[in-house]
Amino acid sequence: MPRPADGPSGAEGEQGSGGLRVAVGRDGPVRIVTVAGELDHDSADGLRAALAAPADDGTERIVVDLADLRFCDSTGLNILLHARLEAEAAGMRLELAGLRPIVARLFEVTGADGVLRIHPDLTSALNPPVRSSEKPDETPGSA
């Protein structure tokens, strides 16, 4: 399974601030931002910087892996919601993966879970289910 880069390489690498660690890696056209620790007002700069990196490198999606995030306050929620809008403006999608119950509850209570696409884990986010091919348009009377 692809994991974040071990060392800095352009915008990729790892940075920490307070009780938060943020690592950025890639899996083809997907930028993977792995967040661990506690995300709050005092530790948010690392995540903000990782999500603000330019996407002129063929990135189609950004997946934020939150499996090791133990706490998230409204600052973190706002960063992720803002990053979603920025990604959409740039023609990309921002998706989340692996929310722990305490973090998932914040998204549920605020309604953010209805706005952000959330996968159970990173593997699911990187390997979305394949949709069966749809049948050609069979409009009645078009024979």
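Refer to the structure above for everything that follows.
Residues numbered from 1 in each chain as written. Predicted model: local features only at pLDDT ≥ 70, side-chain atom pairs only at ≥ 80, totals over all residues. Heavy atoms only, no water.

Student: Please set out the overall build of the protein chain residue by residue, giving values where relevant.
Tutor: Along the protein chain, the regular secondary structure elements total 4 helices and 6 strands. In sequence order, the protein chain lays out its α and β elements as β-β-β-α-β-α-β-α-β-α. Here the protein chain, with 143 residues, has 41% of them falling under the buried criterion. Across the protein chain, every contact between residues at least 6 apart in sequence was considered, and the portion connecting residues at least 24 apart equals 64%. With the model as given, the accessible surface of the protein chain reaches about 8200 Å², and the carbon-plus-sulfur share is 50%. (Helix = DSSP H or I, 4+ residues; strand = E, 2+ residues; numbered from the N terminus. Buried < 20%, exposed > 50% of the residue type's maximum accessible area, 1.4 Å probe, protein only. Contact = heavy atoms within 4.5 Å. Areas by Shrake-Rupley, 256 points an atom, 1.4 Å probe, with all protein chains shown as cover.)

Student: I'd like to hear about helix 3 (residues 101-110), residue by residue, with values.
Tutor: The periodicity of an α-helix, 3.6 residues per turn, causes residues three or four places apart in sequence to face the same way. Those residues of helix 3 lying buried are V103, L106 and F107. Down the axis, helix 3 shows its buried residues gathered within 90° of arc, on one side only. Away from the buried face of helix 3 by more than 90 degrees, exposed residues P101, I102 and V109 are located. The inward-facing, buried residues of helix 3 abut strand 4 (61-72), helix 2 (74-89) and strand 5 (93-97). Just beyond helix 3, the residue with positive phi is G111, at close to 85°. (Arc of directions from axis to C-beta.)

Student: Could you give an account of the packing of helix 1 (residues 45-52) against helix 2, with specific residues and numbers?
Tutor: Where helix 1 contacts helix 2, the two axes come as close as 10 Å, and the packing angle between them is 5°. Relative to helix 2, helix 1 is oriented roughly parallel. Only T75, I79, L80 and A83 of helix 2 make contact with helix 1, whose side of the interface consists of L47, R48 and L51. Here the contact of helix 1 with helix 2 is built from residues that sort into 5 nonpolar, 1 polar and 1 charged. (Axes fitted to C-alpha atoms, helices over the stretch in contact; angles between N-to-C directions. Parallel < 35°, antiparallel > 145°, perpendicular 65-115°, else oblique. Nonpolar A, V, L, I, M, F, W, Y, C, P; charged D, E, K, R; others polar.)

Student: So what about the nonpolar core? Which residues, and what values?
Tutor: Core analysis: the largest hydrophobic core is formed by 29 residues, its most contacted members being V33, L47, L51, V64, L94, L96 and F107. Counting residues per element, the ones that place at least two in this core are strand 2 (20-27), strand 3 (30-39), helix 1, strand 4, helix 2, strand 5 and helix 3. Setting aside residues no more than four positions away along its own chain, L51 makes contact with R31, V33, I62, V64, I79, L80, A83 and L94. Counting 7 residues, the second largest nonpolar core, distinct from the first, contains V30, V63, A97 and A125. (Core = buried A, V, L, I, M, F, W, Y, C linked by side-chain atoms within 4.5 Å.)

Student: Talk me through helix 2; I want residue IDs and the actual numbers.
Tutor: With 16 residues, helix 2 extends 23 Å from end C-alpha to end C-alpha; this agrees with the ideal 22 Å at 1.5 Å per step. Of the positions making up helix 2, those classed as buried are T75, G76, L77, I79, L80, A83, R84 and A87. Elements in contact with the buried residues of helix 2: strand 3, helix 1, strand 4, strand 5 and helix 3. Near the N-terminus of helix 2, the side chain that reaches the backbone nitrogen of T75, with its oxygen 2.9 Å away, is that of D73. Looking one or two residues past helix 2, G91 carries a phi angle of roughly 80°, positive in sign. (Expected span 1.5 Å × (residues − 1). Polar contact = N/O pair within 3.5 Å; in protein donor to acceptor, adjacent residues only side chain to side chain.)

Student: Go over the pairing of strand 3, please, and point to the residues and values.
Tutor: Where burial is concerned, most of strand 3 is hidden: 9 out of the 10 residues are buried. The sheet contact formed by strand 2 and strand 3 spans 8 bridges and is antiparallel. Paired with R26 across the strands is R31, a residue of strand 3. Counting the residues that bridge the hairpin from strand 2 to strand 3 gives 2 residues, and of these G28 lies at a positive phi of roughly 60°. Both strand 3 and strand 4 contribute to a ladder of 9 bridges, which runs parallel. Bridging from a neighbouring strand, V30 pairs with R61 of strand 4. (Pairing = 2+ DSSP bridges.)

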